Amino acid sequence: MQTFSSGTTIYTGVNALQALRTLCGERVLIVTDRFFSENGTARELASLCGGECRIFDRVQPDPPLSLIAEGIAVIKEFCPDSIVALGGGSPIDCAKGILSLGSSDARLIAVPTTSGTGSEVTSFSILTHEGVKHPLIDEKLRPSAAILDPSLLEALPPKLIADSGMDVLSHCLEAIAAKNASPFSDALAMCAFDSARRLLPKSFAGDTSVRQALHNAATMAGLAFDNAGLGACHALSHAIGGKFHLAHGRINGILLPHIIQFNAETCPEPYHRLACFCGLSGIRALSAAIVRLRSVLQLPESLTQAGLQIADVLAAADELCQTAQNDPCSQGNPRPVTSADYLALLRQCL
């Protein structure tokens, strides 16, 4: 039996932020980072929310459990009935962690400012503790509303577009091959992949007219993997990112061609279908398209190009492989992945 569900209402398009006027309660906590606090965006959202608002702006990349504890202290004292997460994946994941570990019943509203994580519609949250990324998976983590407003995307730097865009592609590629994939998740993943593949170079080059479509694609990819699951790419990427603090999408871009080759040896059919949908001649062409796009987006093709030292990666190899095997995403991979398999994949990416 297969299932597909989503409890998130999506508000998308011009003036979507106006939905905050009716979504928020009387006491609102805005969870964000210093950038959006200092540039006035958080205050703009507070004015739309109405009621009494407080801004928690201490979010940092790869939010650690110590930060979650700070946020929990705030909600215990402030008692918000709504939490608005403003920013990329880190503020949204942080807000989810605060809600979950703080046992709050506040309504969660996600306002993503990057087009990549899909966290605005998923039951996933990635939190970091002592250099290890820990995925939390619980339906209670899924936001009740997601607001996709193009006005928040106009000033995106190319580097962020590239990193987050590769994350979208990895979500799609893992979702179509994952153990719990269904016709519903496949439809979203394939459409999102094709849109992202075509539009990312334009957005990277500065064309703001395509960014709403990319924003929508990122959310569609989030819906797909939230139902279908992920796989070895994210498991190993979480391990590497937690240890060496590289951008998640950048690591995914390095891993993807190798993961496709690994999975296609025993489970080629999903990749064949995606290639056909995109007008590509087969799995090899699909992998080559990712490599070409990675080059256009000026992303590294190896971990050493990304700035890591071979000796450092090899010294941490056993730890990385064990962490990847223990990651819940690993269980969704269509092909069983052993520690030796992860080590081989890691070596291929050096």
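Residues numbered from 1 in each chain as written. Predicted model: local features only at pLDDT ≥ 70, side-chain atom pairs only at ≥ 80, totals over all residues. Heavy atoms only, no water.

Scanning the chain from terminus to terminus reveals 15 helices and eight strands. In terms of overall size, the chain behaves like a compact globule, its C-alpha atoms giving a radius of gyration of 19 Å where 350 residues would be expected to give roughly 20 Å. Across its three principal directions, the C-alpha atoms of the chain cover 55 × 45 × 40 Å. For the chain, contacts bridging at least 24 residues in sequence account for 79% of all contacts bridging at least 6. Surface exposure of the chain reaches about 14,100 Å², of which carbon and sulfur atoms provide 52%. For the chain, the separation between the mean place of its 26 positive charges and that of its 33 negative charges on side chains is 4 Å. (Helix = DSSP H or I, 4+ residues; strand = E, 2+ residues; numbered from the N terminus. Rg over C-alpha atoms; globule rule 2.2 N^0.38 Å. Contact = heavy atoms within 4.5 Å. Areas by Shrake-Rupley, 256 points an atom, 1.4 Å probe, with all protein chains shown as cover. Lys, Arg positive; Asp, Glu negative; His and termini not counted. Charge placed at Lys NZ, Arg CZ, Asp CG, Glu CD.)

With a phi close to 50°, serine 103 is a non-glycine residue in the positive phi region. Following the sequence through the fold, serine 103 ends up in the loop between helix H5 (89–101) and strand E5 (107–112). By relative accessible area, serine 103 is classed as exposed at 61%. Unlike most non-glycine residues, histidine 245 shows phi in positive territory, near 60°. In this structure, histidine 245 sits in the loop between helix H9 (232–244) and helix H10 (248–264). (Buried < 20%, exposed > 50% of the residue type's maximum accessible area, 1.4 Å probe, protein only.)

Structurally, alanine 316 is set in the loop between helix H13 (310–315) and helix H14 (317–326). Overall, alanine 316 belongs to the buried group, its relative accessible area being 6%. Leaving out residues up to four positions away in the same chain, alanine 316 has contacts with Lys243 and Phe244.

A two-sided burial pattern is seen for strand E8 (residues 145–148), the buried positions comprising Ala145 and Ile147 on one face and Ala146 and Leu148 on the other. In this structure, strand E1 (residues 9–12) lies alongside E8, joined through four bridges in parallel fashion. Note that in E8 the partner of threonine 12 across the bridge is leucine 148. (Pairing = 2+ DSSP bridges.)

A separate point is the nonpolar core. What tends to happen in soluble globular proteins is that the nonpolar side chains get buried as a cluster. Counting residues in hydrophobic clusters, the biggest one holds 80 residues, and the most contacted among them are Leu173, Phe193, Tyr271, Leu303 and Tyr342. Top element by residues in this core is helix H6 (residues 158–177). It accounts for ten residues. Sequence-distant contacts of phenylalanine 193, defined by excluding residues within four places in its chain, comprise Leu169, Cys172, Leu173, Leu274, Cys278, Leu286 and Ile290. (Core = buried A, V, L, I, M, F, W, Y, C linked by side-chain atoms within 4.5 Å.)

With that out of the way, let us pick up helix H7 (residues 183–204). Between its first and last C-alpha atoms H7 spans 31 Å; for 22 residues at 1.5 Å apiece the expected length is 32 Å, and the two agree. Helix geometry: H7 is bent most strongly at arginine 198, by close to 35°, with proline proline 201 lying one to four residues after it. Where H7 ends, the next residue or the one after it, glycine 206, has phi of about 110°, a positive value. (Expected span 1.5 Å × (residues − 1). Bend = angle between axes of the 7 residues up to and from the residue.)

Most of E5 is tucked away, with five of its six residues classed as buried. In the sheet, strand E4 (residues 82–87) pairs with E5 via six bridges, with the strands oriented parallel. Residue serine 82 lies in a different strand from E5, and its bridge partner there is arginine 107. Regarding the hand of the β-α-β motif, the stretch spanning E4, H5 and E5 is right-handed. The sheet contact formed by E5 and E8 spans two bridges and is parallel. Among the inter-strand pairings, alanine 110 is bridged to a residue of E8, identified as alanine 146. (Right-handed = clockwise from strand over helix to strand, strands pointing away.)

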